[in-house]
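Each chain is listed here by its residues.
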Amino acid sequence: MHQPMRKLWGRFSACGHSSTELQDDFVDRVLRRGYRAPTITIPGPSESSRDEELSPELLVHILSYLDYQDLQVCRRVNQGMNRLIQSSIVLRYSMQLQLYGYEDNPSCSLAIADKLRLLRQQETSWSRLDFERETSVRIPFNPSSIYDLTDGVLLLGESTSGIQSGADTIRWTRLPGLISSQNASSPDIWEKIDVGAHIIDVGLAVEEHDLIVVATDRETEDHHTKFELRLIQLSTGLNHPLASQPAITLAIVQVPPQAVAGNCSVCIEIIGDLLCFLFHYPGGSTTPPAMFEVYNWKTGQCLQIRGLDCPSYSTFTFLSPDVIALPNCADNTIELCRIESTSIEMNAPPKQLQSSCILQLPSLGEGHSIAQVTCRSEPKMTKTTRNAPAFRSREPFHLSPEDAVVIFNVMTHDSQGIHECLTLIVHTAALLRILDEQTASAMSLRYPEAPPSPFKAPSVSQVNVVEFLMAPSHDTLPSNSPSRGPPRLPWAQWGPKICRWLEASFGASRWITTTCGQRYVTVEEDPIDDESSRSTIVVYDFNPHNVRRLAAQHRRRRRCLRGYRLADLGGPGSELFHAFGTGAGTGATLNGMTLGVGTDVEGSAARMDHVSLIPFTDPTTRVVGQIQCEPTELMAGYAMQYRIFNEPVRTSLPFAQLSSYKTYGYGAVLLDRNMVIGVKLNDMDDIKELVIHSIRRGS
């Protein structure tokens, strides 16, 4: 049975239709006889049920469980099935969500037709950088270096004691509230959280748990420094009601806080019940000097630990609920590690966190080294729902975590003291696919094909993958295989086809909340006036559908401006210009022409392979853009002796780049959902003002 039809049959078999004869009859009726509107005859478990008919509404409901590719296959079954799918607003909305990288929000009460309209208007505005009126927000307190931005919440640290590092209190606000407020700079808009201790850093899980984790240091009665994690409910500022231990003690250092101020750092992330943090303690105070730890934040139980060297590791990010990416600066690698989420026995020692796969970055040139790597992927993939009542979203749809990209800001320096910054971008799904392939490959080596035996090799889901990969060899392992340790992949084997390296400015790369979904934002200095401090907003879109759609749109427009008639636009890629379906709202409109937005992914990707670079300018917003589908070489304008890597580095991940026509006095830009936030800095490089650019979405 064809895979999409198999999925359909699974829906029927769940209702009692499970015999082989009925399955064959179902395929015969759907595939060979075809769908005939308005109803289709579906086999039943008895002879009398063969007269039952499946209504179009029920068939649409069943089809709604299929993904985009399978629905495209179903459209090719016959004209009746094609008409059904094209005429269904439910299926069109489902396909558009998948193409644009979103998932529906069932908490939103809008009709599906309104959600589909808003989705298309929003994505059209993104393709033109069409913003609403700007909202300026002056910070009404003295901000510190601590900040975070997620799920529509902006958090800033407040400094009241004059200490250069960390913060004394936390201030936070909802971005939609700033936009709708008549006085966005009023102190009353900012909520305040005071934990009564010096704050080192924070981590947020807003929509999932209404949780903020605050890392603090405070002086004990015997004048030592105690490091703790405070688990606080963000909406109330009180201890979180689901945490059995409102404070988790990390370490006690036998020196006063004044002696360790500014000499420690922490990176915190929360997914589901897991709280992970990478803590760098003051130099010489603990052994090892840094620890990566995994806790169940609800029970306070430590599940996994790993001692680390401070210069080697600085941050990490979740790729899935049980996989993290852990950059290793000293080894010039990205380590993929599986997280253990199951509880351990009482008083049992926590398990050791091991690397499951190591991805090598391009080899560094002579005299170059990596000073720091920061990374981020947003939104996070989680096994739980976004159910925190205080922050329940009413947006019609959310960005899909499965489609998100992850960015790695790599800061380097050379023997001359010159600092450079690069940004590596790759889809999280691509890294997870590499990890799964390496796990399956290692298991095939451990359990090679052999004559049947009474003992069956375990599947991937039946083994502890980390322990399996790290285990010593056994008799079943081929003699020419490595005996232990995770697989290590060279850059040329995994990176060039799925990644894109970008050159970045050091100032803009200081801010990590610059990605959301498949977009990444930064600023570029105005090339017209080198003396000016003005810069343009630059948005990179790595959604393959958007890349193909924009390429088709602007190639078509250029050919029309050259005098080609609509019927003459044939040749490679011309199929891209046919709209998905009929009627209003089925595609973008350009000079009265309807442009398709639902083309076949695999076919259009193949037709775009020959495209090198497509520059364009939007006639309304005057946004300057380009679509890049070919490999580009990093630092191509430099001689090899001045490049960071000692080999030519070419990467191929397609993207669309959009640069604003207007220039701004921003030191950086941030990104959250449908808002680009310009950051204006004071002389101390602290935030003095924010300017919110909301994407236009209609009413």
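Predicted model only: the values in this text are computed from it and were never measured.

Draft legend 1. Spatial organisation of the overall build of the chain. Within the chain, the secondary structure is distributed over 15 helices and 40 strands. Residue pairs in contact within the chain that sit at least 24 positions apart in sequence constitute 61% of those at least 6 positions apart. Carbon and sulfur atoms make up 49% of the accessible area of the chain, which amounts to about 31,300 Å² in all.

Draft legend 2. Representation of the sheet that holds strand β11 (residues 225-233) within the structure. With antiparallel pairing, the four strands of this open sheet are ordered in space as β9-β10-β11-β12. The sheet is open, and its two borders are formed by β9 (198-205) and β12 (247-253), each paired with just one other strand. Across the sheet, the axes of successive neighbouring strands diverge by a mean angle of 15°, strand direction being ignored. Sheet topology note: the β11/β12 ladder contains six bridges and is antiparallel. Within the sheet, the bridge partner assigned to E228 lies in β12 and is T249.

Draft legend 3. Just a nonpolar patch on the surface, in detail. Together, I89, V90 and I112 line one region of the surface with nonpolar side chains, adding up to about 180 Å² of accessible area. Here V90 lies in helix α6 (residues 89-100).

Draft legend 4. Spotlight on unusual backbone geometry. The omega torsion of the bond from E378 to P379 falls at 0°, within 30 degrees of zero and hence cis. Locating P379 in the fold gives a position in the loop between β22 (369-377) and β23 (397-399). Here the phi dihedral of H223 falls at roughly 65°; this positive angle occurs in a residue that is not glycine. In this fold, H223 is placed in the loop between β10 (211-219) and β11. Within the chain, M635 stands out as a residue other than glycine whose phi angle is a positive 55°. When you line up the elements, M635 lands in the loop between β35 (632-633) and β36 (650-651). Taking relative accessible area as the criterion, M635 reaches 4% and is therefore assigned buried.

Draft legend 5. Just the packing of α6 against helix α7 (residues 112-126), in detail. Interhelical geometry of α6 versus α7 gives an angle of 30° and a closest axis separation of 10 Å. Taken together, the axes of α6 and α7 lie roughly parallel to each other. Seen from above, α6 lies across α7 with left-handed handedness. Along the contact surface, α6 presents I89, V90, R92, Y93, Q96, L97 and Y100, while α7 presents I112, A113, K115, L116, L119, R120 and E123. In terms of residue class, the contact of α6 with α7 is made up of nine nonpolar, one polar and four charged.

Draft legend 6. Highlighting the pattern of salt bridges. Applying the stated criterion across every chain, the model contains 27 salt bridges. With a shortest N-O distance of 3.3 Å, D436 and R338 are connected by a salt bridge. One end of the pair, D436, is in helix α11 (residues 428-446); the other, R338, is in strand β19 (residues 333-338), and 98 residues separate them in sequence. The buried category is assigned to R338, whose relative accessible area is 14%. The partner of R650 in a salt bridge is E633, with the nearest N and O atoms 3.8 Å apart. With R650 in strand β36 and E633 in strand β35, this residue pair connects regions lying 17 residues apart in the sequence. Note on R650: relative accessible area 41%, which makes it partly exposed. When salt bridges with common partners are traced through the structure, they connect R128, D130, E132, D618 and R696 into a single cluster.

Draft legend 7. Representation of the side chain of S125. Checked against the element boundaries, S125 lands in helix α7. Not counting residues up to four positions away in its chain, the partners in contact with S125 are D130, I695 and R696.

Draft legend 8. Structural detail: the sheet that holds strand β28 (residues 515-516). Overall, antiparallel pairing links the six strands, which are arranged β28-β29-β30-β37-β34-β33 in an open sheet. Here the strands that pair on one side only, and so sit at the sheet edges, are β28 and β33 (613-617). In this structure, strand β29 (residues 519-525) lies alongside strand β30 (residues 535-541), joined through seven bridges in antiparallel fashion. Of the residues in β30, the one forming a bridge with R519 is D541. Contacting β29, β30, β33, β34 (624-628) and β37 (655-664), helix α14 (residues 544-561) runs over the sheet at an angle of about 70° to β33.

Draft legend 9. Representation of α7 within the structure. Its 15 residues place the ends of α7 21 Å apart at the C-alpha level, agreeing with the 21 Å of an ideal helix rising 1.5 Å per residue. Those residues of α7 that fall on the buried side of the exposure criterion are K115, L116, L118, L119, R120, Q122, E123, S125 and W126.

Draft legend 10. View of the environment of D618. With respect to the helices and strands, the residue D618 is situated in the loop between β33 and β34. Excluding its chain neighbours within four sequence positions, the residues that come into contact with D618 are R128 and V623.

Draft legend 11. Looking closely at the packing of aromatic side chains. Counting across every chain of the model gives 18 aromatic pairs. Consider the rings of F279 and Y281, whose centres lie 4.5 Å apart with planes at 25°: the pair is stacked. The interplanar angle of 15° and the centroid separation of 6.3 Å between the aromatic rings of Y540 and F542 together place this pair among those described as stacked. Of the two residues, Y540 and F542, neither departs from the other in class, the shared state being buried.

Draft legend 12. Region of interest: the environment of L110. Mapped onto the fold, L110 is located in the loop between β3 (102-104) and α7. Residues L110 and P396, spaced 286 residues apart in sequence, show a C-alpha to C-alpha distance of 6.9 Å. For L110, the residues in contact, after removing those within four places along its chain, are K115, L118 and P396.

Draft legend 13. Spotlight on the pairing of β11. Most of β11 sits inside the fold, with nine of its nine residues counted as buried. Across nine bridges, β10 lies against β11 in antiparallel orientation. Bridge pairing links I212 to I232 in β11. Connecting the antiparallel pair β10 and β11 is a turn made up of five residues, with H223 showing a positive phi of about 65°.

Parameters at a glance
- Residues numbered from 1 in each chain as written.
- Predicted model: local features only at pLDDT ≥ 70, side-chain atom pairs only at ≥ 80, totals over all residues.
- Heavy atoms only, no water.
- Helix = DSSP H or I, 4+ residues; strand = E, 2+ residues; numbered from the N terminus.
- Contact = heavy atoms within 4.5 Å.
- Areas by Shrake-Rupley, 256 points an atom, 1.4 Å probe, with all protein chains shown as cover.
- Pairing = 2+ DSSP bridges.
- Axes fitted to C-alpha atoms, helices over the stretch in contact; angles between N-to-C directions.
- Patch = residues over 30% accessible without salt bridge, like charges linked within 9 Å, V, L, I, M, F, W, Y side chains within 5 Å.
- Salt bridge = Lys/Arg side-chain N within 4 Å of Asp/Glu carboxyl O.
- Buried < 20%, exposed > 50% of the residue type's maximum accessible area, 1.4 Å probe, protein only.
- Parallel < 35°, antiparallel > 145°, perpendicular 65-115°, else oblique.
- Left-handed = near helix turned anticlockwise from the far one by under 90°.
- Nonpolar A, V, L, I, M, F, W, Y, C, P; charged D, E, K, R; others polar.
- Expected span 1.5 Å × (residues − 1).
- Phe/Tyr/Trp six-rings, centres within 6.5 Å; stacked < 30°, edge-to-face > 60°.

Geometry only, nothing functional implied.
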